[in-house]
Amino acid sequence: MSSDLRISADRLLRRLEELAVHGDSGDGGVCRLAASDEDRAARDQFRAWLQDLGCELAIDPIGNIFGRMPGRRPGPPVMTGSHLDTVTTGGRLDGAYGVLAGLEVLATLRDAGITPACDLSVAAFTNEEGVRFTPDMMGSLVLAGGYPLADALSRQDSAGKTLGEELQRIGYAGAAPMESLRPGCFVELHIEQGPVLEAEGLQVAAVENLQGISWTQVEIRGQANHAGTTPMSLRRDAGYVAGSLARFLRELADDMGPPQVATCGRIELEPNVINVIPRRALVTVDLRNVVEDRLQEAEARLQSWLEQAAVEEGVEIESEILARFEPVDFHQEVVGVIEREARSLGLASRRMTSGAGHDAQMMARICPAAMIFVPSVAGVSHSPRETSLEADLVAGANLLLHSMLSLAESGVAGTP
Ligand code: GLV
Ligand code: MN
Ligand code: MN
């Protein structure tokens, strides 16, 4: 097998541009929520590229799309992949890069007439972002057997539409049996979405672990009243508690210190008018830590703060867990293969922890898995300003190519 084999940089970069048209937000970014019309258009494009390549195509009941290239021995595939959905104010690379780089790996092998040692497959997982339907990483979580299909399909968006209805509507409620699709080994390529690689002047990272994620929705019910006539001492102000909660989260993270992070990403007030004390607030809380005990400590401190705030302000508070995933250690052998291949491609690398959630963390439940990161310019992501240098995107895809070939040869995915 040729160690000087390289992906087509032009084709990869052109396809990234072509895909970004679907959900183009006009400011350099992309809004392509899971199972929306924009998601359908991106899926159709990806499916057409897989078909052009002559891949075996499969769509499972949660809408995950798979393209598979047969290898020399039977068995589960070495899989790569990521997601096509974005957050509301997303960029062009988060998810799309990993999917299209996987497609590019298969295209490169086909062009070179190379049959890999075992099957290779590329996946586009449904609803990784969890913005429209919670929990996040849903398609890969269902594939891994970590969340019942029926529960996932019945999750509703804020307009009351279920994921199941929406997948039917866009034509991606597939029927392929999941057992036959599960990988023997998984490697995901992604932009870092943080500042570390750029600051250190490195081109790639072998991601060895990923922090735990805890998402909670807090509903605060107080009493609406006149903003001018109600004395401060008689208020039951849901808006005040929501604002205080946002502040508490910052103080919590500061007090616990890195790597604890805490974010209040959404506050909705009712009735949301200038001269009425809010009767209801909906607040989201995102807590993350790479150490499970510390994450549990942050959750416990949040709960006791909520109990105390309810008493002090005379409001009712209910919280609902929207997503909860423990920290993940990736597979040392897969991490080692990525590092070795980076060295032989002359790419400066380091090991690192992922701060973001990824489909690879769900695949790690069922097979050896790890990830490759490439630098994000200025560490910006989940933003229209998200970008990476073309040379880094190409280098990452070449590292993915050689890592997948090496994993296929090594037998990490099954008996060689
Ligand atoms: C997904 O992008 C997440 O980490 O929230
Ligand atoms: Mn992503
Ligand atoms: Mn994301």
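Predicted model, so just to flag it, every value in this text is computed and none were measured. Here the residue numbering is sequential within each chain, running from 1 through the sequence in written order. Each chain is given a letter, starting from A, and each ligand a number, starting from 1, according to the order in which they appear as written. Local features in this predicted model are restricted to residues whose pLDDT is 70 or higher, and side-chain atom pairs enter the listing and the counts only when it is 80 or higher, whereas totals over whole chains, interfaces and linings include all residues. By convention in this description, side-chain values take in all heavy atoms of the structure and omit both hydrogens and water.

Engineer: Any details on helix α1 (residues 9-20)? Residues and values, ideally.
Structural biologist: A run of DSSP states H or I qualifies as a helix once it reaches four residues; a run of E qualifies as a strand once it reaches two. Both are numbered from the N-terminal end. A helix is expected to reach a length of 1.5 Å times the quantity of its residues less one. Over its 12 residues, α1 runs 17 Å from end to end, which matches the ideal 16 Å to within 8%, given 1.5 Å per residue. Pairs of residues are marked as contacts when any of their non-hydrogen atoms sit within 4.5 Å. On the buried face of α1, the contacting elements are α2 (37-52), α3 (96-112) and α12 (390-410).

Engineer: Go over the pattern of salt bridges, please, and point to the residues and values.
Structural biologist: Counted as salt bridges are all cases of a side-chain nitrogen of Lys or Arg within 4 Å of a carboxyl oxygen of Asp or Glu. By the definition in use, this model includes 30 salt bridges. Note that Arg350 is salt-bridged to Glu200, the shortest N-O span being 2.8 Å. With Arg350 in strand β14 (residues 349-354) and Glu200 in helix α7 (residues 196-200), this residue pair connects regions lying 150 residues apart in the sequence. Overall, the relative accessible area of 28% leaves Arg350 in the partly exposed class. Think of it in three bands: residues with accessible area under 20% of the maximum for their type are buried, residues over 50% are exposed, and the middle band is partly exposed, with areas taken using a 1.4 Å probe on protein chains only. With relative accessibility at 44%, the residue Glu200 sits in the partly exposed group. Each of Glu219, Arg221, Glu270, Arg279, Arg280, Glu316 and Glu318 takes part in a single network of salt bridges with overlapping partners.

Engineer: Go over the packing of aromatic side chains with me, naming the residues and quoting the values.
Structural biologist: Working definition: a ring pair exists when centres of Phe, Tyr or Trp rings (six-membered ring for Trp) sit within 6.5 Å. Plane angles under 30 degrees give stacked, over 60 give edge-to-face, the rest tilted. Taken as a whole and judged by the stated rule, the model has 3 aromatic pairs. Note on Phe248 and Trp305: the rings are 5.2 Å apart at their centroids and 20° apart in plane angle, and the pair reads as stacked. Residue Phe248 is found in helix α8 (residues 238-256), and its partner Trp305 is found in helix α9 (residues 292-313); the two are separated by 57 residues along the sequence. Just as Phe248 is buried, Trp305 falls in that class too. Clustering of aromatic rings is evident, with ring pairs tying together Phe66, Phe125 and Phe186. Both a distance and an angle decide whether a charge sits over a ring: NZ of Lys or CZ of Arg must be within 6 Å of the ring centre and within 35 degrees of the ring normal. For Arg43, the ring lying beneath its charged end belongs to Tyr172, and the centroid distance is 5.0 Å.

Engineer: An account of the site of ligand 1 is requested, with residue identities and associated values reported.
Structural biologist: A molecule or strand has a residue near it when one of that residue's heavy atoms lies within 4 Å. As a structural note, the neighbourhood of ligand 1 is formed by Glu128, Glu129, Trp215, Arg288, Ala356, Gly357 and His382. Polar contact criterion, stated in full: a pair of N or O atoms within 3.5 Å, where within protein one must be able to donate a hydrogen and the other to accept it, and residues adjacent in sequence count only if both atoms are side-chain atoms. Contact distances for ligand 1 include 3.0 Å between an oxygen atom and a side-chain N or O atom of Glu129. A distance of 3.3 Å separates an oxygen atom of ligand 1 from a polar atom in the side chain of His382. A 1.4 Å probe and the Shrake-Rupley method give the accessible areas. Residues count as covered only by the protein chains that appear here. Coverage of ligand 1 by the protein chains reaches 94% of its 190 Å² of free accessible surface.

Engineer: Break down the coordination of the manganese ion (ligand 3) for me, citing the residues and quoting the values.
Structural biologist: At the metal site, the manganese ion (ligand 3) is ligated by Asp94 (OD), Glu129 (OE), Glu129 (OE) and His382 (NE2), and these contacts range over 2.1 to 2.6 Å. Here the term donor refers to an N, O or S atom within 2.8 Å of the metal (or 3.2 Å for Na, K and Ca), and because water is left out of the atoms, sites may appear incomplete. Taken as a pair, the manganese ion (ligand 3) and the manganese ion (ligand 2) lie 3.6 Å from each other and share Asp94 as a ligand. On the criterion of sequence distance, the pair formed by Asp94 in the loop between β3 (73-83) and α3 and His382 in the loop between β15 (369-374) and α12 is long-range, its members being 288 residues apart.

Engineer: Now, about the coordination of the manganese ion (ligand 2): what can you tell me, with residues and values included?
Structural biologist: Donor atoms from the polypeptide that coordinate the manganese ion (ligand 2) comprise His83 (NE2), Asp94 (OD) and His190 (NE2), at 2.0 to 2.3 Å from the metal. All donors to the manganese ion (ligand 2) come from one chain, and their sequence spacing reads H-x10-D-x95-H.

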